[in-house]
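Residue-level listing of the chains:
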Amino acid sequence: MYQVLARKYRPQSFDDVVGQEHVKTTLRNAITQRRIAHGYIFSGQRGTGKTTLARIMARCLNCEKGPTPTPCGVCSSCLEIAAGSATDVIEIDAASNRGINEMRELRENVRYQPSRDRFKIFIIDEAHQITNEAFNALLKTIEEPPSWAVFILCTTESHKIPATILSRCQHFSFRSVDFDELIERMRWICGQEGIEADDEALAVLAQAGEGSVRDSLSALDQAIACAGGRLEAAEVRSLLGSFSIDAFARVAESLEASDGNKMLDLVDELERNGQNLQHFARELSRYFRNLLVARMAGESTRLIAASARERGELAVLAQKFSEEDLTRYLQLALDLYRDLQFSLQPRFHLEVGLLRLVHAGRLESIERALAGLRSEPRSEPKPRAPIAAPSISAAPISAPAPALRRGPSPFELDRLKKAGIREPQAASTAGANALAAAPLISGAEIDWHGQILEGLNALGLTFTADAIAHAEISASGNEVTVKIPNEFKLMTNVTELQQAAQKQQLGPVRFKLIFGEVTSAPVISTPKAPQESELSERALAHPEIQRFREAFGGEVRAVRNLKE
Ligand SMILES: Nc1ncnc2c1ncn2[C@@H]1O[C@H](COP(=O)(O)OP(=O)(O)OP(=O)(O)O)[C@@H](O)[C@H]1O
Ligand SMILES: [Mg+2]
Ligand SMILES: [Zn+2]
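Caption draft 1: Region of interest: the overall build of the protein. Broken down by element type, the protein carries 25 helices and ten strands. Counting only contacts in the protein whose residues sit at least 6 apart along the sequence, the fraction spanning at least 24 positions is 74%. Here the protein displays about 29100 Å² of accessible surface, and carbon together with sulfur accounts for 51% of that area.

Written out as structure tokens, the structure is:
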């Protein structure tokens, strides 16, 4: 009778098991050092070797030559365990034996010595299915079992195992198996079976397995059944209903060319070929994720589960997009996938989703737009180029001229750093060099508060004026320390202070800004709280807001006073 590959090639020794190095090493050492625990929990993704390693462990413990990390494989214990007929290795499927009665029975059974072998090993599969009550019945046994009992609980959902049980067992989490290791394993099995398979075909199968050896081997079984002794990527793909990277590359190319038409053609083709559109959306998310990773980590990264050829192609395509674009595409693709799952009209949804991607490529990031706004000199408002320039190019983001206004935003700083431009100096220190040669004037007699406020008001710099009205000012020589309440931090602009000082002809001044609580009342009486209409008038007159409106359009609905 035909035996499926997964069973036929179930590893019989630690060395056979792919991946899971952390588990293998620890178990091997435990056996060599005779430090064998009574309770183990093996948890992790399906088909990654939990049951397999539990059986190997049983062999190690019960081999006639053992306990040994390298069981002989020929003694009756080893043979019986491999065949699943060893009386002292008891496998319980908790999915169908989950109740209190079964666990009571088990508890009874544990008390009797092994019939022949050294240990009595209970492998409990799908352990998360055991009811709470039943777990409680087991607690005592797992905590203080007879010396011959070993429990191995296997589960895909360790969070469903009660903490009381977890704390009495050694817990190993199994990882999904690396793409390359999966391919290697399948290549070896194909060799054993006399099957010819090209790398690309194996990559498709490994992708289908998503880190599970069993799932990959099931796909391989299916492929062999269909294609016979020679596996080719295209055939395997159509068999598994998976998409070639070329289909997704077409999406990326349409995006690059901002060509919605091509997208519609693609959807039409998918539907005519009877492809599952939900599945396509899901794989599209994966594709953008891979593009993003390729953009960030380069083509040699092991974070992409794809063949070398595909990784190369991804890396080339990724360079045509910015990280921001790819992140946005990924987000949109994920949204699309989510929407499609509930859609009665998957085709239309997919079309809308793909067109949305095309349009998304044209958006400029808000940070970049803002940075552009800020770096523009305020004196000469000029018509702005439309913001909606396609930003799909991979050209490095041009750094805005270092803005001295209000200090750069974190986004700007980050961008400047990446563009290799040093952080712009705060105006206060930038002016310092120019001041060095200037003679010191005695600042003691000057009414700094009144003068600066007057200057600011004369210049119409109302925001900074507001801040100064609430500030505390002290001067020593030409260094003027301005202490500003925190809530005015955003409104204060050191360049404007300089302008005011110039306007009032106070000579060269170096401003030092401190933010914090202002204790003493300001010298000058604060103007009464502005009325709402006055407030919005002032806000609308602010040059920055004007530029903002020029660029983005829209209307100002409400003006909020941050001080309140
Ligand atoms: N790490 C691995 N190395 C080699 N083969 C593996 C590995 N993991 C799984 N396999 C293959 O997959 C089959 C199933 O593995 P196993 O029963 O150990 O999975 P499992 O983790 O217990 O899965 P489940 O959670 O579904 O019970 C094995 O017979 C073997 O062929
Ligand atoms: Mg299992
Ligand atoms: Zn043996």
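Here the narrative resumes.
Caption draft 2: Spatial organisation of the site of ligand 1. Near ligand 1 lie 19 residues; those nearest to it are Ala 6, Gly 47, Lys 50, Thr 51 and Thr 52. The separation between an oxygen atom of ligand 1 and a polar main-chain atom of Thr 48 is 3.1 Å. Arg 214 has a polar side-chain atom sitting 2.9 Å from an oxygen atom of ligand 1. Residue assignment places the shell around ligand 1 across two domains, with domain 1 (5–174) and domain 2 (179–240) each supplying three or more.

Caption draft 3: Geometry of the coordination of the zinc ion (ligand 3). Every protein donor of the zinc ion (ligand 3) is accounted for by Cys 63 (SG), Cys 72 (SG), Cys 75 (SG) and Cys 78 (SG), and the metal-donor separations fall at 2.2 to 2.3 Å. Geometry at the zinc ion (ligand 3) is tetrahedral, judged from the four donor atoms that bind it and their angles of 102 to 122 degrees at the metal. Taken in chain order, the donor set of the zinc ion (ligand 3) reads C-x8-C-x2-C-x2-C. Each of the two residues, Cys 75 as well as Cys 78, counts as buried.

Caption draft 4: Structural view of the pairing of strand 8 (residues 472–476). Sheet analysis places strand 8 next to strand 9 (residues 479–485), joined by five bridges and oriented antiparallel. Among the inter-strand pairings, Glu 472 is bridged to a residue of strand 9, identified as Lys 483.

Caption draft 5: The arrangement of the sheet that holds strand 3 (residues 120–125) in detail. Spatial ordering of the open sheet is given by 2-3-4-1-5, a layout of five strands whose pairing is parallel. In this open sheet, the two edge strands, each paired with only one partner strand, are strand 2 (89–93) and strand 5 (170–174). Strand-to-strand, the axes of this sheet are offset by a mean angle of 15 degrees, without reference to chain direction. Relative to strand 4 (residues 149–155), strand 3 runs parallel, the two being bridged by five bridges. Pairing of Ile 124 across the sheet is with Leu 153, part of strand 4.

Caption draft 6: Here's a closer look at the packing of helix 14 (residues 277–297) against helix 17 (residues 346–360). One can describe the packing of helix 14 onto helix 17 by two numbers: an axis separation of 10 Å at closest approach and a directional angle of 20 degrees. In terms of axis orientation, helix 14 runs roughly parallel to helix 17. Residues Leu 277, Phe 280, Leu 284 and Phe 288 of helix 14 form the contact with helix 17, whose participating residues are Pro 346, Arg 347, Leu 350, Leu 354 and Leu 357. For the contact of helix 14 with helix 17, the class distribution of residues is eight nonpolar, no polar and one charged.

Caption draft 7: Main features of the nonpolar core. The biggest cluster of nonpolar side chains holds 39 residues, and the ones touching the most others in it are Val 251, Leu 255, Phe 280, Tyr 287, Phe 288 and Leu 350. Looking at this core, the elements that each hand over two or more residues are helix 12 (245–256), helix 13 (260–272), helix 14, helix 15 (308–318), helix 16 (323–341) and helix 17. Looking at this core, the element that brings in the most residues is helix 14, giving ten residues. The next biggest cluster of nonpolar side chains, apart from the first, holds 28 residues, and it includes Ile 36, Ile 81, Phe 119 and Ile 152.

Caption draft 8: Region of interest: the confidence of the model for the protein. Averaged over every residue, the pLDDT of the protein is 82; residues scoring 70 or more account for 83%. Across residues 378–407, where pLDDT falls below 50, the model places 66 contacts with residues more than four positions away in sequence or in other chains.

Caption draft 9: Geometry of the pairing of strand 4. Of all seven residues making up strand 4, seven are buried, and the element is well covered by its neighbours. Burial along strand 4 is two-sided: the face carrying Ala 149, Phe 151, Leu 153 and Thr 155 and the face carrying Val 150, Ile 152 and Cys 154 are both buried. Bridging between strand 1 (residues 39–44) and strand 4 involves five bridges; their strand directions are parallel. Residue pairing across strands places Tyr 40 opposite Ile 152, the latter belonging to strand 4. Note that the unit made of strand 3, helix 6 (residues 132–143) and strand 4 has a crossover that is right-handed.

Caption draft 10: Inspection of the side chain of Glu 200 at higher detail. Looking at the secondary structure, you find Glu 200 in helix 9 (residues 199–209). A distance of 2.9 Å separates polar atoms of two side chains, one belonging to Glu 200 and the other to Arg 309. Apart from residues lying up to four places away in sequence, Glu 200 is in contact with Ala 233, Arg 237, Ser 307, Arg 309 and Glu 310.

Caption draft 11: Layout of the side chain of Ser 307. Tracing the backbone through its elements, the reader meets Ser 307 in the loop between helix 14 and helix 15. Setting aside residues up to four positions removed in sequence, Ser 307 forms contacts with Phe 179, Glu 200 and Ala 203.

Caption draft 12: How the structure looks around the pattern of salt bridges. Considering all chains together, one arrives at 35 salt bridges under this definition. The partner of Glu 310 in a salt bridge is Arg 237, with the nearest N and O atoms 3.6 Å apart. Of this pair, Glu 310 sits in helix 15 while Arg 237 sits in helix 11 (residues 233–240), and the two are 73 residues apart along the sequence. Among the residues examined, Glu 310 registers a relative accessible area of 5% and is labelled buried. The salt bridge partner of Arg 347 is Glu 351, with a shortest N-O separation of 3.1 Å. Pair noted here: Arg 347 and Glu 351 are both in helix 17, with a separation of four residues, about one helical turn. One salt-bridge network, held together by shared partners, links Glu 200, Arg 237, Arg 309, Glu 310 and Glu 313.

Analysis parameters
- Residues numbered from 1 in each chain as written.
- Chains lettered and ligands numbered in written order.
- Predicted model: local features only at pLDDT ≥ 70, side-chain atom pairs only at ≥ 80, totals over all residues.
- Heavy atoms only, no water.
- Helix = DSSP H or I, 4+ residues; strand = E, 2+ residues; numbered from the N terminus.
- Contact = heavy atoms within 4.5 Å.
- Areas by Shrake-Rupley, 256 points an atom, 1.4 Å probe, with all protein chains shown as cover.
- Near = heavy atom within 4 Å.
- Polar contact = N/O pair within 3.5 Å; in protein donor to acceptor, adjacent residues only side chain to side chain.
- Domains from an automatic or database assignment.
- Donors = N, O, S within 2.8 Å, 3.2 Å for Na, K, Ca; no water.
- Tetrahedral: all angles 85-135°; square planar, octahedral: opposite > 155°, others 65-115°.
- Buried < 20%, exposed > 50% of the residue type's maximum accessible area, 1.4 Å probe, protein only.
- Pairing = 2+ DSSP bridges.
- Axes fitted to C-alpha atoms, helices over the stretch in contact; angles between N-to-C directions.
- Parallel < 35°, antiparallel > 145°, perpendicular 65-115°, else oblique.
- Nonpolar A, V, L, I, M, F, W, Y, C, P; charged D, E, K, R; others polar.
- Core = buried A, V, L, I, M, F, W, Y, C linked by side-chain atoms within 4.5 Å.
- pLDDT = per-residue confidence, 0-100.
- Right-handed = clockwise from strand over helix to strand, strands pointing away.
- Salt bridge = Lys/Arg side-chain N within 4 Å of Asp/Glu carboxyl O.

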